[in-house]
Amino acid sequence: MAHTETDTVMWADALMQSRRTVLPKRLVGPGPDAHQQGLMLRAAAAAPDHGQRLPWRLVEVPASERVRLGDAFAQALLERDPHANARELAQAREKALRAPWLLLAVCRTRGDDPEVPPAERLISLGCATQNLLLMASAMGFGSAITSGKALSSAALRQFFSLHEQEDAQCFINVGTVSEARSGPPRPDIGRFFQVLGTPTT
């Protein structure tokens, strides 16, 4: 029998409503320790996965690799704009030095199993990502998903040794919030929920 007003339900509702995107520039140390990271990854592993194919993976970028990642960001910018100036290249490199815990979310969107369409694989990754973000929020950390044109660049594909069937989807950023800010209001339920057969507004 479903329960609607238990402490667990109310806690889960409060957790989900408290999750907010915190820009990486406002995420500082300390980041999650090894145990906390493990709990976040366990949460990601609980995502729905059609046929247990695990079409996604998460790649940590440790502090020792951030400068190299910054160089890859700069190279990705040069792929798009060969005339990028020194300031723009410096800004691209700086993006790699922000959040204490940085992960790349990678999805195998093609190649191995035509019975599982790309959309299902991406949904699985999205659920895994949300689970991880919610666990981060439960621990008091801030988090953000970041993307951008660099994700599809040859420089980033080479840096992360992506397979031909894989695509980089987003970065996951986790850390301590340096400056708390209120987020935008949640959408009204009526904007995204409809009962079939009833008129839309």
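Given the structure is predicted, the values throughout are model-derived calculations rather than measurements.

Enquirer: Give a description of the packing of aromatic side chains that names residues and reports values.
Expert: One pass over the structure, following the stated rule, counts three aromatic pairs. With 5.7 Å between their ring centres and 70 degrees between their planes, Phe73 and Phe171 make a pair best called edge-to-face. Pair noted here: Phe73 is in helix H3 (residues 66–80) and Phe171 is in strand S5 (residues 166–177), with a separation of 98 residues, a long-range link. Accessibility expressed as a relative area gives 11% for Phe73, which makes it buried.

Enquirer: Tell me about the layout of surface pockets, and name the residues and values.
Expert: In this structure, the largest pocket spans a volume of roughly 460 Å³. Forming the walls of the largest pocket are 22 residues, and the residues nearest its centre are Phe73, Ala92, Lys95, Ser147 and Gly148. Every element with two or more residues in the lining of the largest pocket is listed here: H3, helix H4 (86–94) and S5. For the lining of the largest pocket, the element with the highest residue contribution is H3, accounting for five residues. Class assignment of the residues belonging to the lining of the largest pocket gives a composition of 11 nonpolar, five polar and six charged. Looking at the second largest pocket, its volume works out to about 200 Å³. Together, 17 residues line the second largest pocket, and Ser18, Arg20, Val22, Val177 and Arg181 are the ones closest to its centre. Partitioned by chemical class, the residues of the lining of the second largest pocket number five nonpolar, eight polar and four charged.

Enquirer: Account for the pairing of strand S3 (residues 101–108), naming residues and giving values.
Expert: For S3, the tally of buried residues reaches eight of eight residues, placing the bulk of the element in the interior. As judged from the five bridges shared by strand S2 (residues 56–60) and S3, these two strands associate in the antiparallel manner. Following the sheet pairing, Leu58 is matched in S3 by Ala105. Pairing analysis gives eight bridges linking S3 to S5, with the strands arranged antiparallel. Of the residues in S5, the one forming a bridge with Cys107 is Asp167.

Reading the values: rules and limits
- Residues numbered from 1 in each chain as written.
- Predicted model: local features only at pLDDT ≥ 70, side-chain atom pairs only at ≥ 80, totals over all residues.
- Heavy atoms only, no water.
- Phe/Tyr/Trp six-rings, centres within 6.5 Å; stacked < 30°, edge-to-face > 60°.
- Helix = DSSP H or I, 4+ residues; strand = E, 2+ residues; numbered from the N terminus.
- Buried < 20%, exposed > 50% of the residue type's maximum accessible area, 1.4 Å probe, protein only.
- 1 Å grid on protein atoms, 1.4 Å probe; cavity = no way out; pocket = protein on both sides within 12 Å on 5 of 7 lines; lining within 4 Å.
- Points joined across faces, edges and corners; volume = space filled by probe spheres on them.
- Nonpolar A, V, L, I, M, F, W, Y, C, P; charged D, E, K, R; others polar.
- Pairing = 2+ DSSP bridges.

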